[in-house]
Amino acid sequence: AIQFAVQAVKHVSTAQDCRVVVFCDGSSDAQGTEGAYAASVNTYLPGIEEHGQRVGYGWPMDVAVGSSSCEATGIFEGINKAEESICGIWKSKVLRPADRPESITVDVFSDCQGVLRALKVAKEDRKSSTRNDLKEASTTSTLTKQLIEEILDAEEALLRLRSKYKLKSLLVNYHWVPGHKGVLPHDQVDELCGKAREENKPVFAIDGVVCKMPGGYRSSYPSIRALFL
């Protein structure tokens, strides 16, 4: 898992093989009264200064919530940021048309095995004509299950970009990565998440360096906040 994550980070995207690599994290305090989530995504804009930069975001949560729900919210944010990153390629007024990718793979990394397992089951359920009980039912909260459905909705919206931009292929894959094992982008989102929770304010970073958040950057959390109430 570590080697695969490192290889994904080192991958050099081209128009023929573009990868959007997302790292997500979420955490709460022991009492579940303070939580936060974070996500980071690489930038594909050949010939432009921002090309190759990893942009990270961390946000505190204004409601009491457990760690699994924070982790799921981080994945939800990551999927939405991946969609924004892909749309940004086509919105760019300086990127040459020849540099626009033909195929895109979105790799989403999280260290929360429970959420990833439940996500896999829910995804399989959507493909089948009958619904199966989540294998994680005993440990997955109702809130986390609802968040997983929101993740899958966001993924479906992202996949619709294939036809919009006439891509040969557009895939979304989820991967487990162990925490605190030297995978730099994951360590960085872990730090962003902790900083957002401790300081109770949004944080923004480029290649792991915290800086002022530019205007126009928004969290996807408000669209699902009602689930937490």
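Residues numbered from 1 in each chain as written. Predicted model: local features only at pLDDT ≥ 70, side-chain atom pairs only at ≥ 80, totals over all residues. Heavy atoms only, no water.

Novice: Could you give me a rundown of the packing of aromatic side chains, with the residues and numbers involved?
Specialist: One pass over the structure, following the stated rule, counts 10 aromatic pairs. With centroids separated by 5.5 Å and ring planes inclined at 65 degrees, the aromatic side chains of Tyr-221 and Phe-228 adopt a geometry described as edge-to-face. Side by side, Tyr-221 and Phe-228 carry an identical accessibility label, which is buried. Taken together, the ring pairs connect Tyr-37, Tyr-57, Trp-59, Phe-204, Tyr-217, Tyr-221 and Phe-228 into an aromatic cluster. For Lys-81, the ring lying beneath its charged end belongs to Tyr-57, and the centroid distance is 5.0 Å. (Phe/Tyr/Trp six-rings, centres within 6.5 Å; stacked < 30°, edge-to-face > 60°. Buried < 20%, exposed > 50% of the residue type's maximum accessible area, 1.4 Å probe, protein only. Lys NZ or Arg CZ within 6 Å of the ring centre and 35° of its normal.)

Novice: Quick rundown of the state of the cysteines? Include the residues and the values.
Specialist: Each disulfide is one covalent bond, formed between the sulfur atoms of two cysteines. Scanning the entire structure with this criterion turns up zero disulfides. No disulfide involves Cys-18; its sulfur sits 13 Å from the nearest other cysteine sulfur, which is in Cys-87. Residue Cys-87 is classed as buried on the basis of its relative accessible area of 12%. (Disulfide = S-S within 2.5 Å.)

Novice: Break down the environment of Leu-229 for me, citing the residues and quoting the values.
Specialist: Following the sequence through the fold, Leu-229 ends up in the segment after β7 (209–211). The exposure class assigned to Leu-229 is exposed, which follows from its relative accessible area of 68%. Spatially, the C-alpha atom of Leu-229 lies 9.2 Å from that of Ala-64, the residues being 165 residues apart in sequence. (Helix = DSSP H or I, 4+ residues; strand = E, 2+ residues; numbered from the N terminus.)

Novice: Explain the sheet that holds strand β3 (residues 54–61) residue by residue, including any values.
Specialist: Reading across from one edge, β5-β4-β1-β2-β3-β6-β7 is the order of the seven strands in this open sheet, with mixed pairing throughout. Where the open sheet ends on each side, the last strands, each with one partner, are β5 (169–176) and β7. Within the sheet, the average angular offset between the axes of one strand and its neighbour, ignoring direction, is 20 degrees. As paired strands, strand β6 (residues 203–206) and β7 are joined by three bridges and run antiparallel to one another. When the sheet's bridge partners are listed, Ile-206 is paired in β7 with Val-209. Along the sheet, helix α2 (residues 67–91) contacts β1 (18–28), β2 (35–42), β3, β4 (103–110) and β5; its crossing angle with β1, the most-contacted strand, is approximately 155 degrees. Lying over the sheet, helix α3 (residues 113–127) contacts β4 and β5, oriented at roughly 140 degrees with respect to β5. (Pairing = 2+ DSSP bridges. Axes fitted to C-alpha atoms, helices over the stretch in contact; angles between N-to-C directions. Contact = heavy atoms within 4.5 Å.)

Novice: Which residues make up the nonpolar core, and what are the values?
Specialist: One broad trend across soluble globular proteins is that nonpolar side chains are buried collectively. Counting residues in hydrophobic clusters, the biggest one holds 53 residues, and the most contacted among them are Ile-86, Ile-104, Val-106, Val-108, Tyr-174 and Phe-228. Mapped by element, the contributors of at least two residues to this core are β1, β2, β3, α2, β4, α3, α4 (142–159) and β5. It is α2 that provides the largest number of residues to this core, a total of 10 residues. If you look at the next biggest cluster of nonpolar residues, it comprises 15 residues, including Val-21, Leu-192, Cys-193 and Val-203. (Core = buried A, V, L, I, M, F, W, Y, C linked by side-chain atoms within 4.5 Å.)

It is worth stressing that arrangement in space is one thing and function is another; only the former is reported here.
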